[in-house]
Amino acid sequence: MRRSLGRIVLGIVICGAVVWGEAFRWSVVESPRELYVNQSAVIRYECAFENSAGDYTIVFKPSSTEIYDAEVLTQTDRVINGKRIQTFDILITPKREGSVTITLDALIRHTTFASIENATIGRDNVKKYDFNDEKAILPTVTINAKANSAALTGKIAFLLSADRRSVRAHEPVHVSLMIQGSGNLDHYTPIDLNISGVKVFAEPPQKNITPSVDGYEGEIRQEFALVAEKSYTIPPLSLTIFDTGAGKMKTLTAPMIRIEVEEGYEPLNLLDPPDLSDYATLKRYGMYTALVLLGIVLGEGARWVWKYRPRRQSRGFWEQASSVKELTILLALSGEKRYDPIIAELEAGTMSLSEAKKKLSHTTRKVTA
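Structure report, in brief. (Residues numbered from 1 in each chain as written. Predicted model: local features only at pLDDT ≥ 70, side-chain atom pairs only at ≥ 80, totals over all residues. Heavy atoms only, no water.)

### Here's the deal with the overall build of the chain
Here comes step 1: Along the chain, the regular secondary structure elements total six helices and 20 strands.
Here comes step 2: Scored against the burial criterion, the 369 residues of the chain give a buried share of 31%.
Here comes step 3: For the chain, the proportion of contacts with a sequence separation of at least 24, taken over those separated by at least 6, is 67%.
Here comes step 4: With the model as given, the accessible surface of the chain reaches about 24,500 Å², and the carbon-plus-sulfur share is 54%. (Helix = DSSP H or I, 4+ residues; strand = E, 2+ residues; numbered from the N terminus. Buried < 20%, exposed > 50% of the residue type's maximum accessible area, 1.4 Å probe, protein only. Contact = heavy atoms within 4.5 Å. Areas by Shrake-Rupley, 256 points an atom, 1.4 Å probe, with all protein chains shown as cover.)

If you want it as structure tokens, here you go:
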């Protein structure tokens with residue numbers, strides 16, 4: 001009986017798909033059965049391969065929905081007895097009361113070693129890796145979400161402190177408000193302080209929180225500066241949370257703080273007069289006076305030196321003349337009438353070259369002065 005080529009090819013494709021599909025297996029290692037709304041917990045998924053699976057890559061980016069939030073908390077990849085096991089911890093937070101069904105998917109990318117070799121050696125006809133992608137549907141997890149109306153959920157502490165209890169008028173009091181613990185701290189809403197007769201200067205909350213199995217853990221700090229003219233009271237502050245440890249609603253309260261405001265500073269009392277009977281004080285003020293006088297003397301001395309500093313005389317154009325004839329020509333070309341008497345004496349022979357230069361220098365100094 002003659003075999004059909006089409007059947008043979010189809011059989012090879014089906015066998016390859018079955019082998020690839022059996023190359024890995026997803027499972028749920030642990031998951032919560034019940035959670036309160038806004039309470040976070042971890043679902044651990046595990047993908048086990050049949051071998052070291054160096055040619056496989058998992059792209060797992062869970063998406064949040066209207067019913068729950070989902071994000072990757074941690075990811076580990078290890079090889080045990082020659083088999084690769086990749087584990088994902090997904091942080092799940094239900095948003096609504098009732099039964100919450102969580103169905104996630106991941107992308108499995110398979111790269112053949114031939115494709116890696118071709119791309120590595122840089123063949124001209126290979127410009128990128130060839131991937132075979134398969135969408136894997138992860139096992140479904142169902143969680144019973146219980147009712148919870150509190151904005152914050154978890155194990156949380158609430159603290160309020162002031163740096164001082166007594167100040168003068170218009171002197172600021174620094175108040176710190178801290179939220180510490182674990183839970184959905186990323187949903188914290190800043191608290192406003194409104195106190196009659198007090199100016200409140202508030203900074204944005206400083207969040208020092210990191211993801212954890214309970215959602216987020218760490219602390220959130222709010223800083224305030226309070227300024228007033230009269231005494232006042234910081235009223236008790238309260239924060240309603242759902243305590244996951246006790247499984248019930250709880251109101252955290254910070255006690256009131258009384259701030260006593262005394263009279264402000266008098267301008268005449270801001271600087272105390274020096275005690276001139278003290279020898280150390282007299283010595284200090286004497287040194288200050290001596291330094292001032294020394295500065296004045298040095299300044300006047302510098303002015304005198306600058307005024308009587310030697311000035312360099314500029315050379316006249318006639319200095320380059322080497323003969324009576326040459327000097328006569330230079331003076332005539334200058335066009336200055338004041339040089340005419342000297343020119344006449346030079347032409348008459350009654351004045352030598354050196355005498356003419358001296359007379360020219362003397363005449364120039366008079367004109368400049």
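### Examining unusual backbone geometry
Here comes step 1: One non-glycine residue with positive phi stands out, namely N38, at about 75°.
Here comes step 2: A relative accessible area of 21% means that N38 is categorised as partly exposed.
Here comes step 3: Non-glycine residue N81 carries a positive phi angle of around 55°.
Here comes step 4: Within the secondary structure layout, N81 lies in the loop between β5 (68-80) and β6 (83-94).
Here comes step 5: Given a relative accessible area of 78%, N81 falls into the exposed group.

### Considering the sheet that holds strand β1 (residues 24-30)
Here comes step 1: Spatial ordering of the open sheet is given by β1-β3-β6-β5, a layout of four strands whose pairing is antiparallel. With one partner strand each, in any of the chains shown, β1 and β5 form the two edges of the open sheet. In this sheet, adjacent strand axes meet at a mean angle of 20° when their direction is disregarded.
Here comes step 2: In the sheet, β1 pairs with strand β3 (residues 41-49) via six bridges, with the strands oriented antiparallel. Paired with W26 across the bridge in β3 is C47. (Pairing = 2+ DSSP bridges. Axes fitted to C-alpha atoms, helices over the stretch in contact; angles between N-to-C directions.)

### Points about the packing of aromatic side chains
Here comes step 1: All chains considered together, the criterion is met by eight aromatic pairs.
Here comes step 2: Where Y45 meets F60, the ring centres are 6.2 Å apart and the plane angle is 80°; that geometry is what we call edge-to-face. Highlighted residues: Y45 in strand β3 and F60 in the loop between β4 (56-59) and β5, separated in sequence by 15 residues. As far as the burial class goes, Y45 and F60 line up, both buried. (Phe/Tyr/Trp six-rings, centres within 6.5 Å; stacked < 30°, edge-to-face > 60°.)

### Some thoughts on the sheet that holds strand β20 (residues 257-262)
Here comes step 1: Overall, mixed pairing links the three strands, which are arranged β12-β20-β17 in an open sheet. Since the sheet does not close on itself, it has two edges, and those belong to β12 (166-168) and β17 (232-234), each with one partner. When the angles between neighbouring strand axes are averaged without regard to direction, this sheet yields 30°.
Here comes step 2: One ladder, built from three bridges, connects β12 with β20; its direction is parallel. Looking at β20, one finds that V167 is bridged to V261.

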